[in-house]
Amino acid sequence: NGPLPLGAPVNAFVQFELLRFAPPGSYKIPIKVHDDVSNANLEFTPTFRVDAPAIATPQGLEIRDFQLSRVKGGPAEPAPTVVPGSSVYMQCNVFGLQFQDNRSRGSVRLKLSSPAAEVLVDELVDNLNYTAYYHPSATFAPITDEIKIPPGASKGVYTVQYSFTDDVSIQTMTVESKFEVQ
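Here the residue numbers are simple positions, counted from 1 along each chain's written sequence. Whole-chain, interface and lining totals are the exception, using all residues; otherwise, since this is a predicted model, local features are given only for residues with pLDDT of at least 70 and side-chain atom pairs are given and counted only at 80 or more. Side-chain measures were taken over the full set of non-hydrogen atoms in the model, leaving aside hydrogen atoms and water.

*Asks:* Quick question: what am I supposed to make of the layout of surface pockets here?
*Replies:* Here the idea is plain: a probe the size of a water molecule rolls over the atoms and shows the empty space left. Its boundaries defined by the atoms lining it, the largest pocket holds a volume of some 470 Å³. If you trace the largest pocket, you find 19 residues lining it, with Ala8, Pro9, Val10, Val33 and Asp35 closest to the centre. When contributions to the lining of the largest pocket are tallied by element, the ones reaching two or more residues are strand S2 (31-35) and strand S3 (40-44). Tallied by class, residues from the lining of the largest pocket come to 14 nonpolar, four polar and one charged. Cavity means a closed set of points on a 1 Å grid over the protein atoms alone, one where a 1.4 Å probe fits but cannot get out, pocket means an open set with protein on both sides within 12 Å along at least 5 of 7 lines, and lining means a residue has an atom within 4 Å of a point. Grid points are joined across faces, edges and corners, and a volume is the space filled by probe spheres set on the points. Every helix listed is a DSSP run of H or I at least four residues long, and every strand listed is a run of E at least two residues long, numbered separately from the N terminus. Charged residues are taken to be Asp, Glu, Lys and Arg, nonpolar residues to be Ala, Val, Leu, Ile, Met, Phe, Trp, Tyr, Cys and Pro, and polar residues to be all remaining types, Gly included.

*Asks:* What exactly am I supposed to notice about the environment of Glu118 here?
*Replies:* Tracing the chain through its elements places Glu118 in the loop between strand S9 (106-113) and strand S10 (119-127). With near-sequence residues (within four places) excluded, Glu118 lies in contact with Leu112 and Ser113. For this analysis, residues touch if any pair of their heavy atoms sits within 4.5 Å.

*Asks:* Would you mind going over the nonpolar core with me for this structure?
*Replies:* In summary, soluble globular proteins display a tendency toward joint burial of nonpolar side chains. Residues Val94, Ile147, Ile149, Val160, Tyr162, Phe164 and Phe179 are the most contacted members of the largest nonpolar core, which totals 25 residues. Broken down by secondary-structure element, the contributors of at least two residues to this core are strand S5 (62-69), strand S7 (87-95), S9, strand S12 (140-148), strand S13 (156-166) and strand S14 (171-181). Apart from residues no more than four positions distant in its own chain, Phe164 is found in contact with Leu61, Ile63, Cys92, Val94, Ser107, Val108, Gln171, Thr172, Met173 and Val175. To define a nonpolar core, start from buried Ala, Val, Leu, Ile, Met, Phe, Trp, Tyr and Cys residues and group those joined through side-chain atoms within 4.5 Å. Per-residue accessibility, obtained with a 1.4 Å probe over protein chains only, is compared with the maximum for each type, and a residue is labelled buried under 20%, exposed over 50%, and partly exposed between these values.

*Asks:* What am I meant to see in the sheet that holds S12 here?
*Replies:* Whenever strands of a sheet pair, they do so through backbone hydrogen bonds, lying parallel or antiparallel. At least two DSSP bridges between two strands are required for those strands to pair. An order of S5-S7-S12 is seen for the three strands of this open sheet, with the pairing classed as antiparallel. Edge positions in the open sheet fall to S5 and S12, since each of these has one partner strand only. Between one strand axis and the next, the sheet turns through 15 degrees on average, direction left out of account. In this analysis, axes come from line fits to C-alpha atoms, helices being fitted only over the stretch in contact, and the angle between any two N-to-C directions falls in the range 0 to 180 degrees.

*Asks:* What is the right way to read the environment of Leu128 from this model?
*Replies:* The residue Leu128 is located in the loop between S10 and strand S11 (130-131) in this model. C-alpha separation for the pair Leu128 and Arg103, spaced 25 residues apart in sequence, amounts to 9.5 Å. When near neighbours in sequence (up to four residues on either side) are disregarded, Leu128 contacts Val94, Leu97, Ser104, Arg105, Gly106, Ser107, Val108, Ile143 and Thr165.

Structure representation (structure tokens):
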């Protein structure tokens, strides 16, 4: 606090979050510093490397890594078996969202049908409205949801459908899976 002695170093700290979909390779961060007192400029460009697998470019709206599980963030289960009063968790990645003016627009809907094919739930569960100034072709949105099984749920196999709509490209993808209530 107060003025620094002439020639004293000024320390700085820069932190940023690397996006999940940053492609592998070398990156540069150009840094420019201006000293108003001595009217001097300093420029330097530190580099760093991202070691990550390359992400395949989507060919339109795509749902990848869709899975159901009995545990939030848990391993994929082809057809989880649950009991009334518990939950089934969904997670996936939505690729290929189109951006207009650096914004995506869309939605995720859940449709849940009983063992008797009666629609129990048909609702909006998430939106795909993002603002991003950097959105390479491998940009994706991670989506999660919890399906709560009512305590009095009937036994049998339930059908779950998630519909993902991109309002910019006017595309919809639907993924269907099943789980069983015992």
